[in-house]
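Now for the letters of each chain:
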Amino acid sequence: MSNRDLLRHALCIGLLLAMIPASLLAQCANIADPGFESLALGDFDGVVTPQFTADYWGDENAAIVDTIGACQGVVPHSGDKMLKIMPTGGTISETWQALPVGSTPVSTLTVSAWFNACEPITPRGVISVRTFNNAYGWGSPTSTNSASLYVDASASTWEKITVDCVAIPADTQWVLIDLGFDNVGLGSLAGYIDDVQLTCNCDAVANESTNWGSLKAIYN
Ligand SMILES: [Ca+2]
Ligand SMILES: [Ca+2]
C-alpha cells in the first residue's frame, strides 16, 4: 500500500469516528468482569430480588476456573480464567448479571459470548437478554430475546453465540444478561463461557458502517 493510500485510509477512519456521536456509544452499560478474570461469583437470586443488583455475576451452579479446573485441556477464550457451568436440578444451569442502562436512551442491543464444553458432550448454550422498566421489575420483563447453539464436540474450539442487534423498549432501565447450558446436554460434565460483550445502539453503529462504505467510494 502506498503512502498516499495510507493517508486516504487514515482520513477515512478519522472521518468515520467523527461521524459517530460519542453520546450514542458512551451510554452503553458496562458488564462487570466480562471475561471472568477478577470477580467472585455471587448469589443468584440476589441479582434480581428484591430489586436488581448490578456489578456481579450470580450463578446457580458455576465456578470461575483456570485450565487446571477445566476438563480435557479447555483453555480460556482469553485471559487466564473462564466461567465453568455445571448442571443443576432444573432444565438449564444459568449465570446472570443485571445492568442499569445509562441516562441516555438505548434502543437496540447486541450481546455475545463464547461457549465451549468438555468432550464429548455437545450441550446447547443459551444467551437470553431481558429488559425491564424499573428496578423491581423482575417477573415482568418488557422484552425477551435469546439465541442458542449446540457447541461442537471439540474442547479446543470456542463457539460464539450472539443475540444480534435486537430492539428494546425506549423506557428500559435495566437489562438482564442470562447465560446458560441445558442440563440434559451437560450430563455430569461441564460447559464453559468467556468474553461476554455488550454493544448498545448497534443499529446506529451499523448505519455508520454504511457511511464507511460511502466514504470508501468517495476516496477510491
Ligand atoms: Ca477470560
Ligand atoms: Ca468447542
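Just so it is clear, the model here is predicted, and its values are computed rather than measured. (Residues numbered from 1 in each chain as written. Chains lettered and ligands numbered in written order. Predicted model: local features only at pLDDT ≥ 70, side-chain atom pairs only at ≥ 80, totals over all residues.)

K.L.:
How would you sum up the overall build of the protein chain? Please name residues and give values.
P.N.:
Of the regular secondary structure elements, the protein chain holds four helices and eleven strands. By residue count, 29% of the 220 residues in the protein chain fall in the buried class. Put simply, 77% of the contacts in the protein chain that link residues at least 6 apart link residues at least 24 apart. (Helix = DSSP H or I, 4+ residues; strand = E, 2+ residues; numbered from the N terminus. Buried ≥ 20, exposed ≤ 12 C-beta atoms within 10 Å, placed from the backbone. Contact = placed C-beta atoms within 7 Å.)

K.L.:
Help me get a handle on the sheet that holds strand 6 (residues 108-117), residues and values and all.
P.N.:
The strand order across the open sheet formed by five strands is 3-4-11-6-9, and the pairing between neighbours is antiparallel. The sheet is open, and its two borders are formed by strand 3 (62-65) and strand 9 (159-167), each paired with just one other strand. Sheet twist, expressed as the average angle between the axes of neighbouring strands with direction ignored, equals 30°. Alignment of strand 4 (residues 82-85) against strand 11 (residues 191-200), held across three bridges, turns out to be antiparallel. (Pairing = 2+ DSSP bridges. Axes fitted to C-alpha atoms, helices over the stretch in contact; angles between N-to-C directions.)

K.L.:
If you had to explain the environment of Gly 89 to someone new, which residues and values would you point to?
P.N.:
Relative to the helices and strands, Gly 89 resides in the loop between strand 4 and strand 5 (92-100). Residue classification places Gly 89 among the exposed residues on the basis of 8 C-beta atoms within 10 Å. For the pair Gly 89 and Asn 61, spaced 28 residues apart in sequence, the C-alpha separation works out to 9.7 Å.

K.L.:
Could you give an account of the sheet that holds strand 10 (residues 174-182), naming the residues involved and the relevant values?
P.N.:
Reading across from one edge, 1-2-5-10-7-8 is the order of the six strands in this open sheet, with mixed pairing throughout. Two strands in the sheet have a free side with no partner beyond their single neighbour: strand 1 (42-43) and strand 8 (143-150). Sheet topology places strand 7 (residues 124-132) next to strand 10; eight bridges connect them, and they run antiparallel. Bridge pairing links Ser 128 to Asp 178 in strand 10.

K.L.:
If you had to explain the confidence of the model for the protein chain to someone new, which residues and values would you point to?
P.N.:
Summing up the model confidence of the protein chain, the mean pLDDT is 86 and the portion of residues at 70 or higher is 80%. Contacts for the low-pLDDT stretch residues 10-26, under 50 throughout, to residues beyond four places or in other chains number 15 contacts. Confidence drops under pLDDT 50 across residues 212-220; counting only partners more than four residues distant or on other chains, this segment forms seven contacts. (pLDDT = per-residue confidence, 0-100.)

K.L.:
Talk me through unusual backbone geometry; I want residue IDs and the actual numbers.
P.N.:
The linkage connecting Thr 49 with the following residue, Pro 50, adopts the cis geometry, with an omega of 0°. With omega at 5°, the peptide bond leading from Glu 119 into Pro 120 counts as cis. Relative to the helices and strands, Pro 120 resides in the loop between strand 6 and strand 7. We note that Asp 195 has phi near 55°; this positive angle belongs to a residue other than glycine. Note that Asp 195 resides in strand 11. The class for Asp 195 is partly exposed, based on 19 C-beta atoms found within 10 Å.

K.L.:
Please give an account of the nonpolar core that cites residues and values.
P.N.:
Among soluble globular proteins, nonpolar side chains are generally buried collectively. Within the largest apolar cluster, 42 residues are counted, with the highest numbers of intra-cluster contacts made by Leu 109, Ala 113 and Ile 193. For this core, the secondary structure elements donating two or more residues are strand 4, strand 5, strand 6, strand 7, strand 9, strand 10 and strand 11. Other than its neighbours up to four places away in sequence, Leu 109 contacts Val 129, Val 166, Ile 168, Val 175, Leu 198, Cys 200 and Cys 202. (Core = buried A, V, L, I, M, F, W, Y, C linked by C-beta atoms within 7 Å.)

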